[in-house]
Amino acid sequence: IKSRSTFVVLSMSGDMFLTGQAQRVIGVFLALANGMIDPEFVDCLFDEDYPHLVPTLSAPRVGMVAAEAHYVNMEGKAQCILSPRVSTRYTKGWNSEDTLLRVKKWQEVVYDHIAKGWGLNRRDHVDGRLNSEKEWTEQVLLPWAETSRRHL
């Protein structure tokens, strides 16, 4: 995160995610990566005795995309491949060459669209940051981090 890269790729895995959970994980990650909260803060988030001690912030949805999803448990029940990939385990599902090619083309379109969207969002002339990232950091992330530190 210390570089001036516009994109960050995060990988999360789990059996199930609640609505907005990935955005909240990313929001906390961004706060940690930018040194706005201490790593010990994460322990507070998982304290079962105080589940609502500090609410987590949600990262903006702009530019976020779920690139992959795997449904291994459900594949066994359905007896077919439910995420696009090469597999000989089952003959039915998202594992045909044609399907994989179509998914790859679709992903390229999505990634191009996201990249263009970020590119259209002008950068600050002084520090080179994207304006939307700078606004979110100043208006959402910093105030949340300050409030969270006071709660703890």
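The structure this text deals with has already been given above.
Residues numbered from 1 in each chain as written. Predicted model: local features only at pLDDT ≥ 70, side-chain atom pairs only at ≥ 80, totals over all residues. Heavy atoms only, no water.

Asks: When you look at the overall build of the chain in this model, what are you seeing that I'm missing?
Replies: In terms of helices and strands, the chain carries five helices and zero strands. Starting at the N terminus and ending at the C terminus, the chain contains elements arranged as α-α-α-α-α. In summary, the chain has a C-alpha radius of gyration of 19 Å against a globular reference of 15 Å for 152 residues, an excess of more than 25%. Once the C-alpha set of the chain is aligned to its principal axes, its extents read approximately 55 × 45 × 20 Å. Among the 152 residues that make up the chain, the fraction classed as buried is 21%. (Helix = DSSP H or I, 4+ residues; strand = E, 2+ residues; numbered from the N terminus. Rg over C-alpha atoms; globule rule 2.2 N^0.38 Å. Buried < 20%, exposed > 50% of the residue type's maximum accessible area, 1.4 Å probe, protein only.)

Asks: Just to check I follow, could you spell out the layout of surface pockets for this structure?
Replies: In this approach the atoms are scanned with a rolling probe the size of a water molecule, which exposes any empty space left behind. Roughly 420 Å³ of internal volume is contained in the second largest pocket. In terms of lining residues, the second largest pocket is bounded by 20 residues, among which R24, V25, L45, F46 and T56 are the most central. When residues of the lining of the second largest pocket are traced back to their parent elements, those giving at least two are helix 1 (21–33) and helix 2 (41–45). When residues of the lining of the second largest pocket are assigned to their parent elements, the largest contribution, six residues, is made by helix 1. Residues belonging to the lining of the second largest pocket are distributed by class as follows: 14 nonpolar, five polar and one charged. (1 Å grid on protein atoms, 1.4 Å probe; cavity = no way out; pocket = protein on both sides within 12 Å on 5 of 7 lines; lining within 4 Å. Points joined across faces, edges and corners; volume = space filled by probe spheres on them. Nonpolar A, V, L, I, M, F, W, Y, C, P; charged D, E, K, R; others polar.)

Asks: Teacher, can you tell me more about helix 1 here?
Replies: The α-helix winds at 3.6 residues per turn, so residues separated by three or four positions along the chain end up facing the same way. For helix 1, with 13 residues, the first-to-last C-alpha span of 18 Å sits near the 18 Å given by 1.5 Å per residue. Among the residues of helix 1, those classed as buried are Q23, I26, G27, V28 and A31. In the segment just after helix 1, G35 is the residue with positive phi, at about 70°. (Expected span 1.5 Å × (residues − 1).)

Asks: Even after reading the chapter, I still don't get the pattern of salt bridges, so can you show me in this structure?
Replies: A side chain with one charge can pair with a side chain of the opposite charge if their charged atoms come near. Summed over all chains, the structure comprises three salt bridges. Across the salt bridge formed by R85 and E75, the nearest N and O atoms sit 2.7 Å from each other. Note that R85 is positioned in the loop between helix 3 (72–78) and helix 4 (97–120) and E75 in helix 3, a separation of 10 residues in sequence. According to the relative accessible area criterion, R85 is partly exposed, its value standing at 26%. (Salt bridge = Lys/Arg side-chain N within 4 Å of Asp/Glu carboxyl O.)

Asks: Before we go on, may I ask you to explain helix 5 (residues 131–151) in this structure?
Replies: In a regular helix each residue adds 1.5 Å, so 21 residues correspond to 30 Å; helix 5 covers 29 Å between its end C-alpha atoms and thus fits that length. Along its length, helix 5 reaches its greatest deviation from straightness, about 40°, at T137. Among the residues of helix 5, K134, W136, T137, L141, W144, A145 and S148 are the ones counted as buried. In this fold, the buried residues of helix 5 make contact with helix 1 and helix 2. (Bend = angle between axes of the 7 residues up to and from the residue. Contact = heavy atoms within 4.5 Å.)

Asks: Looking at this structure, how should I read the side chain of K134?
Replies: Structurally, K134 can be placed in helix 5. Apart from the residues lying within four places of it in its own chain, the contact partners of K134 are D124, D127 and R129.

Asks: Where do I start with unusual backbone geometry in this structure?
Replies: Phi is mostly negative for residues that are not glycine, and the peptide bonds are mostly trans. The residue Q79 is not glycine, and still its phi comes out positive at about 60°. Along the chain, the position of Q79 falls in the loop between helix 3 and helix 4. Note on Q79: relative accessible area 42%, which makes it partly exposed.

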